[in-house]
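Understanding the architecture of this molecule
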Amino acid sequence: MRVHAVLSAQAYQSFRVPLDEVMQLGPAQDAALEELQNPGWALHEFDFAKGEAVFLDVGAQCNLFEAGFAYQKMMRSARRAAFLPFDQFLAFAAAMPAPSRLIHLFNMGHCGSTLLHQVFNASGAVWSLSEPKFAADLGINRAGLSGARRKAMAQAGLAWLARLPFAGERPAMVLKHFSHGIKLMLEWAAASPSGTVNLFMYRDAASWCNSRFGFAQRRGFPTVMTPEIRRARWFGMSAGMPESVLEGIVDMEAAELRFDDLAAMCWALFVQDYQSAVQAGLNLLPFSYADLRDNREATLRRIFAACGLPEDSVGPALQAFNKDSHEGESTAHDKPVAKLPPDSSGRIASILSHPRLKLDGNARL
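Reference entry: report on the structure contained in this document. (Residues numbered from 1 in each chain as written. Predicted model: local features only at pLDDT ≥ 70, side-chain atom pairs only at ≥ 80, totals over all residues. Heavy atoms only, no water.)

A word on the overall build of the protein
The helix and strand tally for the protein stands at 13 helices and 11 strands. Radius of gyration (C-alpha) of the protein: 20 Å, near the 21 Å computed for a compact globule of 365 residues. By its C-alpha atoms, the protein is 60 × 50 × 40 Å across when sized along the principal axes. For the protein, with 365 residues in total, the buried portion stands at 56%. Of the contacts formed within the protein by residues at least 6 apart in sequence, a portion of 76% connects residues at least 24 apart. Averaging the locations of the 36 positively and 36 negatively charged side chains of the protein gives two centres separated by 2 Å. (Helix = DSSP H or I, 4+ residues; strand = E, 2+ residues; numbered from the N terminus. Rg over C-alpha atoms; globule rule 2.2 N^0.38 Å. Buried < 20%, exposed > 50% of the residue type's maximum accessible area, 1.4 Å probe, protein only. Contact = heavy atoms within 4.5 Å. Lys, Arg positive; Asp, Glu negative; His and termini not counted. Charge placed at Lys NZ, Arg CZ, Asp CG, Glu CD.)

This is the structure in structure tokens:
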């Protein structure tokens, strides 16, 4: 196994960039696999281009659960990096158990899932881990993997969660996925311990598209769909879906293509992913951002009961609503952003009504 000292690191502007664009490493040194059993090592990413699992030594006192986005805190805290070929990684993780009580928080992004992550941690009854990068890497690269390989990679990733610093201090763990996790809900569920709870958080189409629009502005991404950037925006928002799903609904080559056109299609695909998972027999508890926003306590009681969390942990959890869940990040909500144009709602509804979609943007799942 190769181990490098981390000389410098910077926050990700996009987690899809290669590691060497955001991290400078010292010379490689050989180390035994057993080094990864020392406290403080965390699984960071799956580098499918090089066929390696990447681990970062963040230190035994680094609480990744408290971070709004675990992959960003890993970068800020990393002291060493280790690289392990996939086959060795899978063999090494095979004997390691996943967290015994696991809750998957699947979500379409931009729907309050980071807020709920914060709420879970404030409860004191469960740890929530928000967006480890390896989970997104698996979703992005899903097309090139067999079903068995997807499941094996997911199982190995879950096993490493149980080894994170502070993981043993609470009896249950939430894994808050990137939106990419929707594409592999069946695989994540199959890789999980028995009794795992699967939550699904969503939002109405118009406000979801507006939230994505605001996020792009806060991150400094272009929002005008020029020919040069439209495919990058589509790949990022859709979790790597092929452009062929747009045919006959949204014209990727049209001069008048807009951000909300692509966003509406992404929302539709995520809803279809939910519907497909339910039809395949996956037990999912759906709830909307509107539920969490407008009826906090009742919604939390329903979620906590489904997750087997103590009823008296709802009170402390409610205190988390008083803090911006993106505080300290580039996406903090105190940054002003523009809204989508006034005709956006009608444009989104028109796309969703297409015969191939037949979706209501305000429907409850």
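Quick word on the packing of aromatic side chains
Evaluated as defined, the whole model comprises 19 aromatic pairs. Through a chain of ring-to-ring contacts, the aromatic side chains of Phe46, Phe48, Phe55, Phe86, Phe89, Phe92, Phe134 and Trp160 assemble into a single cluster. The aromatic ring of Phe15 is capped on one face by Arg16, whose charged end is 5.6 Å from the ring centroid. Its guanidinium or amino end placed over the ring of Phe221, Arg233 lies 4.8 Å from that ring's centre, counting from NZ or CZ. (Phe/Tyr/Trp six-rings, centres within 6.5 Å; stacked < 30°, edge-to-face > 60°. Lys NZ or Arg CZ within 6 Å of the ring centre and 35° of its normal.)

A word on the pairing of strand S6 (residues 80–85)
Where strand S1 (residues 2–9) meets S6, four bridges bridge the pair, whose relative direction is antiparallel. Bridging from a neighbouring strand, His4 pairs with Ala81 of S6. (Pairing = 2+ DSSP bridges.)

Section: the pattern of salt bridges
Side chains that differ in sign of charge can pair as their charged atoms come close. A full pass over the atoms with the stated rule returns 20 salt bridges. Across the salt bridge formed by Arg79 and Asp57, the nearest N and O atoms sit 3.2 Å from each other. Of the two residues, Arg79 is situated in the loop between helix H1 (70–77) and S6 and Asp57 in strand S5 (residues 52–57); the sequence distance between them amounts to 22 residues. Taking relative accessible area as the criterion, Arg79 reaches 48% and is therefore assigned partly exposed. On the accessibility criterion, Asp57 (3% relative accessible area) is buried. Across the salt bridge formed by Asp57 and Arg80, the nearest N and O atoms sit 3.0 Å from each other. In this pair, Asp57 is assigned in strand S5 and Arg80 in strand S6, connecting sequence segments 23 residues apart. Judged by its relative accessible area of 29%, Arg80 falls in the partly exposed class. Salt bridges here are not isolated pairs; linked through shared partners, they connect Glu35, Asp57, Arg79 and Arg80. (Salt bridge = Lys/Arg side-chain N within 4 Å of Asp/Glu carboxyl O.)

Observations regarding the sheet that holds strand S7 (residues 102–107)
Taken together, the five strands give an open sheet; going across it, the order is S8-S9-S7-S10-S11, and neighbouring strands pair in parallel fashion. The open sheet terminates on both sides in strands that have one partner only, identified here as strand S8 (127–130) and strand S11 (285–288). Strand-to-strand twist across the sheet, computed as the mean angle between neighbouring axes with direction ignored, equals 20°. Across five bridges, S7 lies against strand S10 (residues 197–202) in parallel orientation. (Axes fitted to C-alpha atoms, helices over the stretch in contact; angles between N-to-C directions.)

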